[in-house]
Amino acid sequence: MASISFKNVVKTYENGVTVIPDLNLDIEDKEFVVLVGPSGCGKSTTLRMIAGLESVTDGELYIGDRLINAVPPKDRDIAMVFQNYALYPHMSVYKNMAFALTLLKEDKNVIDEKVHEAAKILGLEEYLDRKPKALSGGQRQRVALGRAMVRNPSVFLLDEPLSNLDAKLRTEMRSQISKLHQRLGTTFVYVTHDQVEAMTMGDRICVMDKGVIQQFDTPQELYDNPCNLFVAGFIGSPQMNFVDAVVEKADNGYALKFGETSLKIAKDELADYVGKTVVVGIRPEDLSFDKDFLQDGNTIKANVDLDEMMGSETLLYLAYGDDKLIAKVPSPCPAHTGDDIEMIVNLERLHVFDKETEQAIVNC
């Protein structure tokens, strides 16, 4: 069993800086969990505490039912894959992958079987005699994965393993790592600052900021029901648009008034906010020219600052009074830079946040 539990874990460095103030996190056995957040949010520190590369200042850290606060890294039954591959340049791919088993003085036949099995899974069989310098970035990262695989650990820890790869290789490696998780059936904890990686790979995603968990949920739930402004702005690409709006009473519900726009929604959660300013969140893909979403007053008249054709989609950067908005629409797009346009807001996908607490009031 390889569940992971943080119970009131604190991490404070010798200079007195606390990067993890009070972490409570439960990762289930065989789950693929992604830790995501901006630089300095504490995600890599959290991973390194699991690995034993950082000590726990206070609280308890468990792998399964075993308290591991004082357990050396080599005795934790974990394997870690780093951002920079950390391969031995003078060793062949075979020797790099076999290195940990050699140190454990495993039988040579067992080592050979495990290395070749991992190489077959990762498509590295023809490269076993090569040195790392003769490999591409993606191949080196696969060697690093293979070196971890042969140990058959209970937990895989991956610290931004794809950040050094180009876009095409990142996409390929994302799918390979996901397939590897399914095949091995072990617990994966993956750290990244790239929310696209997080959304496409994780069973659940832990969004962190300043050492604090903001929300820990499935990718779909994070996207549909962000708990606060931080999560709403971090999850989604391009990020969610935010505008200040005043809540007004309207027929059969309430209206969110900003500029010439008045978005009407029937949500009782807004009753206590009449006359107050809230933050309205609109995802770029929920601004469109699709008249199927047209209702009374749910349009925004704006000027196109810039249009970016991205292939199947076009991004429109819009000026709406003092606000800047982004719309993501299918290509070919009828609007271009300099055009005055009218966009339709999908009211069934609207988000409203408390301006003071930044907590979600409504996720339509």
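Residue positions are counted from 1 within each chain, in the order its sequence is given. Two thresholds apply to this predicted model, a pLDDT of at least 70 for residue-level local features and 80 or more for giving and counting side-chain atom pairs, whereas whole-chain, interface and lining totals are computed over all residues. To obtain the side-chain values, all non-hydrogen atoms of the structure were included, while hydrogens and water were left out.

Q: In this structure, what is going on with the overall build of the chain? I would like to understand it.
A: Elements are defined by DSSP. Helices are runs of H or I of four residues or more, strands are runs of E of two residues or more, and each kind is numbered from the N terminus. Each helix and strand counted, the chain has eight helices and 21 strands in total. A principal-axis box enclosing the C-alpha atoms of the chain has dimensions of 75 × 45 × 35 Å. Burial classification: accessible surface area is computed with a 1.4 Å probe over protein chains only, and a residue below 20% of its type maximum counts as buried, one above 50% as exposed, and the rest as partly exposed. A burial count over the chain gives 50% of its 364 residues as buried. Note on definitions: a residue-residue contact is assigned when non-hydrogen atoms from the two residues lie within 4.5 Å. Considering only contacts in the chain between residues 6 or more positions apart, those separated by 24 or more positions represent 65%. Accessible area for the chain stands at about 17,500 Å²; split by element, carbon and sulfur atoms hold 47% of it. We score Asp and Glu as negative and Lys and Arg as positive, and we do not count His or the chain ends. To locate a charge, the coordinates of NZ of Lys, CZ of Arg, CG of Asp or CD of Glu are taken. Put simply, the chain has 39 plus and 56 minus side-chain charges, and the middle of one group is 9 Å from the middle of the other. Surface exposure here means Shrake-Rupley accessible area, sampled with a 1.4 Å probe, where a residue is shielded only by the protein chains that are shown.

Q: Please clarify how the pattern of salt bridges should be interpreted in this entry.
A: Side-chain pairing between opposite charges can occur once the charged atoms of the two side chains come close. We define a salt bridge as a contact between a side-chain nitrogen of Lys or Arg and a carboxyl oxygen of Asp or Glu at a distance within 4 Å. Counted according to the given criterion, the structure contains nine salt bridges. Here glutamate 106 and lysine 114 are joined by a salt bridge, their closest N and O atoms 4.0 Å apart. A residue is classified by how much of its surface remains accessible, and lysine 114, at 26% relative accessible area, is partly exposed. Residues arginine 349 and aspartate 224 are paired through a salt bridge, measuring 3.2 Å at the closest nitrogen-oxygen approach. Highlighted residues: arginine 349 in the loop between β19 (340–345) and β20 (351–354) and aspartate 224 in helix α7 (residues 219–224), separated in sequence by 125 residues.

Q: Is there a simple way to explain the sheet that holds strand β16 (residues 299–309) in this structure?
A: One key point about sheets: their strands pair by backbone hydrogen bonds, in either a parallel or an antiparallel sense. By definition, two strands form a pair when at least two bridges between them are found by DSSP. Spatially, five strands are ordered β15-β19-β16-β17-β18 in an open sheet, and the strand pairing comes out antiparallel. Each of the sheet's edge strands pairs with one partner strand only, and the pair in question is β15 (287–288) and β18 (323–330).

Q: Even after reading the chapter, I still don't get the packing of helix α3 (residues 108–122) against helix α4 (residues 137–149), so can you show me in this structure?
A: Geometrically, a packed helix pair is captured by the angle between its two axes and the distance between the axes. Helix axes are fitted only over the stretch in contact, all axes being lines through C-alpha atoms; the angle between N-to-C directions runs from 0 to 180 degrees. Direction vectors running N to C along α3 and α4 enclose 140 degrees, while the axes themselves pass 9 Å from each other. Classified by the angle between their axes, α3 and α4 sit oblique to one another. The way α3 lies across α4 gives a crossing that is right-handed. Facing Ala118, Ile121 and Leu122 of α3, the residues of α4 in contact are Arg142, Leu145, Gly146 and Met149. Working rule for angles: under 35 degrees goes down as roughly parallel, over 145 as roughly antiparallel, 65 to 115 as roughly perpendicular, anything else as oblique. Note on convention: the crossing is left-handed when the near helix lies turned anticlockwise from the far helix by less than a right angle, right-handed when the turn is clockwise.

Q: What is the right way to look at helix α5 (residues 167–184) in this model?
A: Because an α-helix completes one turn every 3.6 residues, residues spaced three or four positions apart along the sequence face the same direction. An ideal rise of 1.5 Å per residue puts 26 Å on 18 residues; α5 measures up with 26 Å between its terminal C-alpha atoms. For α5, the set of buried residues is Met173, Arg174, Ile177, Ser178, Leu180 and His181. Across the axial projection of α5, the buried residues extend over an arc of 155 degrees, all falling on one side. Looking at α5, the residues exposed on the side facing more than 90 degrees away from the buried face are Lys168, Lys179, Gln182 and Arg183. Where α5 is buried, its residues touch β3 (32–36), α3, α4, β7 (155–159), β8 (187–192) and α6 (195–201). Polar contact is defined as a pair of N or O atoms within 3.5 Å, subject to the rule that within protein one atom must be able to donate a hydrogen and the other to accept it, and that residues adjacent in sequence are counted only when both atoms are side-chain atoms. Between the side-chain oxygen at the start of α5 and the backbone nitrogen of lysine 168 there is a gap of 3.3 Å, and the oxygen is on aspartate 166. Backbone geometry just downstream of α5 places glycine 185 in the positive-phi region, at approximately 65 degrees. In this analysis, the expected span of each helix is defined as 1.5 Å times one less than the number of residues it contains. Think of the arc as the fan of directions from the helix axis to the C-beta atoms.

Honestly, that's just the spatial picture; any functional story needs more than this.
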